[in-house]
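# Architecture at a glance
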Amino acid sequence: MNLTESPSTVGMDTPRFANTNAVQEQHTPVSNVVPANEYYSSSNYVSRHRTLGNSKKPTSTQNPNDPMAHSEAATKYRRPRRGSHDDKATKPRRFLIDVEETQKLILEQEDTDGDFQITVNDVGPKVITLGTADSAGFNKYDIRGTYMLSNLLQELSLAQDYGRKYVVLDEARLNENPVDRLSRMIRHHFWDGLTRRIDAEGLELIANDPKNRSKNTAPRIYIPFGEDEVLEYYKNVSVQKPHLKLDVEQLPEVITPKYVQSINEKPGILALAMTKFMNDEGEETLKGVPFVVPGGRFNEMYGWDSYFESLGLLVDGRLELAKGMVDNFVYEIKHYGKILNANRSYYLTRTQPPFLTDMILKVYDRLPYSLEIENKQWLAVALTAAIKEYLTVWMSQHRYDPESGLSRFYSEGIGMPPETEATHFDHVIKPYADRKGLSLEEYSRLYNEGLIDEPELDTYFKHDRAVRESGHDTTYRLDNCAADIATVDLNSLLYKYEVDIAETIQSIFGDSFETPYFASYDTSLSTDHPDTIVHTSAEWFERARIRQERINKLCWNEKRGMYFDYDTRLKTQGTYESVTTFYTMWSGLADREKAEKMMASALPLFEVTGGLVSGTESSRGLITLSRPNRQWDFPFGWAPHQIMSWIAFEKYGFMEEAKRTCYRWLYT
């Protein structure tokens, strides 16, 4: 989202929202908070039919709760007479609406860019006239402005989903406070619409992969090595649901980059956690642990998106769903070795920014006290997975730089990332293809098969995969150097891991926590090690102290009053001004003095009309046809940066700045 432009339409409407809502709440305190499944259910209409002036019962073949089932009401509604324009009302308005006709009118008149939404980009007249329910449609009232029209279109779509042909709609649902409305829609509609599950039922949707560009488009699921019961389950699903044409494959015990590349032409979904339950026939079977996807077009569980989704789930009381997402991450670490970019086969070598410990603890803090023993057992399993991830992923030889003592993003893949659009890398490949007199397609095929050796391309794609792993794809901050950069954001997150693990071991597990032995950068070649190891809080607090010391030494810039990334290859501090400097406050790494300097020096660099931009314009550099804008650079802002900064400011007592930047973001 471009944060430097003033959203003028919203700005003009904001006072009206506040005023009309204050009036509406006096008369209709519940109409604008009722979920659509209740609001548009048949029972919702019983009392409203009296406004249509018909006391006769409908015929047996008609729906008694359909306003148009009443003959007098139908006659009044369809009567072709000139209406009276209702500019004033003494009580909250309700509108009598033909769902399909009104929806068609809005789209034809107002949706000028044809995207089935009403936004500030549409240039229609921004007004629709509706008939009031109390007058059976005779008195008219104008619905004006982008916000109310977009809400009207959304309400009509919901009514259509619930099978309504005609509705009586409260005006309060159209001019509802925008933050309240969005929160309500998320709570009652969006979570359910974004929830997926990998099992016999969920595969109908999950198996579809819009990123699959291979010739083999048959749905496919990969099962981890050793999960024999799960493998048998999905084989049975393929037999019981032949229309799916489901291909069930089992992964090898050791998953290498070469193996992952070998199945790029056979991409598939990766199995996630399952639980046992009794079906309707009284038989024990399996069902998938549900998860939330970041958008309607996605069917797989993503990495750091899931952390921010879990924050919202917990706010809305969806504890079990948030807990299930932790369980799925634990499953990924156990069977795939890491929290995946997403659970697709082509992501097997790539992780994403680490947020697991904070996610675990936020869920654990909300578990019912009556199940203290079960909760502690759950926490032990999850904490073990987090320790494994920390040691085997973030402290591995490729990702950890022992000289600086900091970690980097690094994906072990081979060749070009297969999930990209077919022409995505054409501009990169073309000079090399021209040099050999080959077509782009032929050169790409030979390079991916390892028949062309090109070290420069190898380096390019090493950094490209690292950028994708960082979650900040793409940005000039990490352009062609990502695998060498110890970013402030990653190392702040790992500092948080270290502190979280230390405090959990100390306060919940009696300062002694046993796990299997996990190899890291300095022990991966050793064969002489114990089967288990006992962790203490002192060990993890020391890890945190060392990382904090290294970040402050290599990344803090006293003159500029903020943190910068560190280049482990060039051994120099970066110069790109990034809003990720505030990660150090989110994690608690920055001391009070540095936090105050960042608020004085860094915040003014990033705070704009719509919130916090990802980076500064000067750091991004000049934009030309050959050097296009990148989505994680100026002037764009992203929700993760906003949320983490609000929490960071609040943690250090900068409440005014937290509220102000939060308001700016919501203002858009």
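Calculation notes
Residues numbered from 1 in each chain as written. Predicted model: local features only at pLDDT ≥ 70, side-chain atom pairs only at ≥ 80, totals over all residues. Heavy atoms only, no water. Phe/Tyr/Trp six-rings, centres within 6.5 Å; stacked < 30°, edge-to-face > 60°. Buried < 20%, exposed > 50% of the residue type's maximum accessible area, 1.4 Å probe, protein only. Helix = DSSP H or I, 4+ residues; strand = E, 2+ residues; numbered from the N terminus. Lys NZ or Arg CZ within 6 Å of the ring centre and 35° of its normal. Polar contact = N/O pair within 3.5 Å; in protein donor to acceptor, adjacent residues only side chain to side chain. UniProt positions renumbered as here; feature names shortened; annotations may be inferred. Contact = heavy atoms within 4.5 Å.

### Quick look at the packing of aromatic side chains
- Scanning all chains against the criterion turns up 27 aromatic pairs.
- An angle of 70° between the planes, with centres 4.8 Å apart, marks the rings of tyrosine 346 and tyrosine 347 as edge-to-face. Across the pair, exposure class does not vary: tyrosine 346 and tyrosine 347 are buried alike.
- Centre to centre, the rings of tyrosine 447 and phenylalanine 461 are 5.9 Å apart; their planes meet at 35°, and the pair counts as tilted. On the criterion of sequence distance, the pair formed by tyrosine 447 in helix α15 (residues 440-448) and phenylalanine 461 in helix α16 (residues 455-470) is long-range, its members being 14 residues apart.
- One aromatic cluster in this structure is built from Trp304, Tyr307, Phe308, Phe355, Trp586, Trp632 and Trp638.
- Note that lysine 287 overlies the ring of phenylalanine 277, its terminal NZ or CZ placed 5.1 Å from the centroid.

### Considerations on the environment of asparagine 177
- Counting through the fold element by element, asparagine 177 comes out in the loop between β5 (166-170) and α6 (178-193).
- A relative accessible area of 25% means that asparagine 177 is categorised as partly exposed.
- Of note is the side chain of asparagine 177, whose polar atom sits 3.1 Å from the backbone nitrogen of aspartate 180.

### A closer look at the UniProt feature "domain: Neutral trehalase Ca2+ binding" (unreviewed entry) in the protein
- Under the present numbering, the feature "domain: Neutral trehalase Ca2+ binding" (unreviewed entry) in UniProt falls on residues 105-132.
- The span residues 105-132 shows a helical share of 21% and a strand share of 21%, and its end C-alpha atoms are spaced 17 Å apart.

### Here we look at the side chain of aspartate 199
- If you trace the backbone, aspartate 199 turns up in the loop between β6 (195-196) and α7 (203-206).
- The exposure class of aspartate 199 is buried, given its relative accessible area of 2%.
- Engagement of the side chain of aspartate 199 in a polar contact is seen with the backbone nitrogen of glutamate 201, the distance being 3.2 Å.
- Among the polar contacts listed, one links the side chain of aspartate 199 to the backbone nitrogen of glycine 288, at a separation of 2.9 Å.
- The residues contacting aspartate 199, other than those within four sequence positions of it, are Tyr233, Tyr234, Met274, Lys287 and Gly288.

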